[in-house]
Amino acid sequence: MRVLALVLIITFTLQPISYAQDDLDFSFEQLYERLGYTDLLTALEQFDETFNYDISLPSKIPFRADKYLGRVSEQGLSIALIGEDDERVFRIHILKESVEVPNMSEQRVLKDGTTVFLFDVEESADPYVSWLYMEKNDVTYSFVLNGYRPEIRHYKLMGIAESVE
């Protein structure tokens, strides 16, 4: 009986390791699909049916995107735009609630008077990530951009924020 219990424990303990190894071979698109993302148009339709309020998407994006994915959750809508080389990712989160902005954020103001907060994530899996948060049109927008030098990321994120009407 003890041997059977030990075999079962070892089997269930080692099983996730084999799945983790398999996950390393995924493209960004496959990874996002596993996280519940679908094509963007489907996600936008689902968001409209679920939340029934208008949102404004930015008219400017930071690079030429090859893949447009989206996911609806209880909190709102998440969009992932993936570059053709799978190295550039731009994410948009549109949330129905306010978020707590990190203390280290840099505060700026858009041309229309909207206050935005910029925050760099230095210690993460990808050390080249910047976030921009803002509240506009009764929702919270958060934009996330990887790659580029920090000053270029901030410039691009500010331009994106300015393009939300």
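Provided above is the structure to which this section pertains.
Let us look at the structure shown here. (Residues numbered from 1 in each chain as written. Predicted model: local features only at pLDDT ≥ 70, side-chain atom pairs only at ≥ 80, totals over all residues. Heavy atoms only, no water.)

Moving on: the pairing of strand β4 (residues 89–95). Counted residue by residue, β4 has 6 buried out of 7 residues, so it is predominantly covered. For strand β3 (residues 76–83) and β4, the ladder comprises 7 bridges, and the chain directions are antiparallel. Bridge pairing in β4 places I82 opposite V89. Counting the residues between successive antiparallel strands, the hairpin from β3 to β4 contains 5 residues, one of them, D86, with a positive phi of roughly 60°. Where β4 and strand β8 (residues 139–146) come together, 6 bridges link them in antiparallel fashion. The residue bridging R91 from the neighbouring strand is V144, located in β8. (Buried < 20%, exposed > 50% of the residue type's maximum accessible area, 1.4 Å probe, protein only. Helix = DSSP H or I, 4+ residues; strand = E, 2+ residues; numbered from the N terminus. Pairing = 2+ DSSP bridges.)

Attention now moves to the sheet that holds β4. Strand-to-strand pairing in sheets goes through backbone hydrogen bonds, with the strands running parallel or antiparallel. Taken in spatial order, the 8 strands make up an open sheet running β1-β2-β3-β4-β8-β7-β6-β5, and their pairing is antiparallel. For this open sheet the edge positions go to β1 (38–39) and β5 (106–109), each flanked by a neighbour on one side alone. Packed on one face of the sheet, helix α3 (residues 40–51) meets β1, β2 (65–72) and β3 and runs near 25° to β2. Helix α4 (residues 150–162) contacts β4, β5, β6 (115–121), β7 (129–136) and β8 of the sheet and is inclined by roughly 25° relative to β7. (Contact = heavy atoms within 4.5 Å. Axes fitted to C-alpha atoms, helices over the stretch in contact; angles between N-to-C directions.)

Turning to the side chain of S78, a few remarks are in order. The residue S78 is located in strand β3 in this model. A polar contact is formed between the side chain of S78 and the side chain of H93, at a distance of 2.9 Å. In contact with S78, other than residues within four places in its own chain, are Y37, L69, G70, R71, I92 and H93. (Polar contact = N/O pair within 3.5 Å; in protein donor to acceptor, adjacent residues only side chain to side chain.)

With that settled, the discussion passes to the pattern of salt bridges. Pairing is possible between side chains that carry opposite charge, provided their charged atoms lie close to one another. Within this structure, the stated rule accounts for 5 salt bridges. Ionic pairing is found between D112 and K136, a salt bridge with its closest N-O pair at 2.7 Å. With D112 in the loop between β5 and β6 and K136 in strand β7, the pair connects residues that are 24 residues apart, well separated along the chain. Accessibility expressed as a relative area gives 47% for D112, which makes it partly exposed. Where R153 meets D120, a salt bridge forms, and the shortest distance between an N and an O atom there is 3.4 Å. Pair noted here: R153 is in helix α4 and D120 is in strand β6, with a separation of 33 residues, a long-range link. Accessibility expressed as a relative area gives 23% for D120, which makes it partly exposed. (Salt bridge = Lys/Arg side-chain N within 4 Å of Asp/Glu carboxyl O.)

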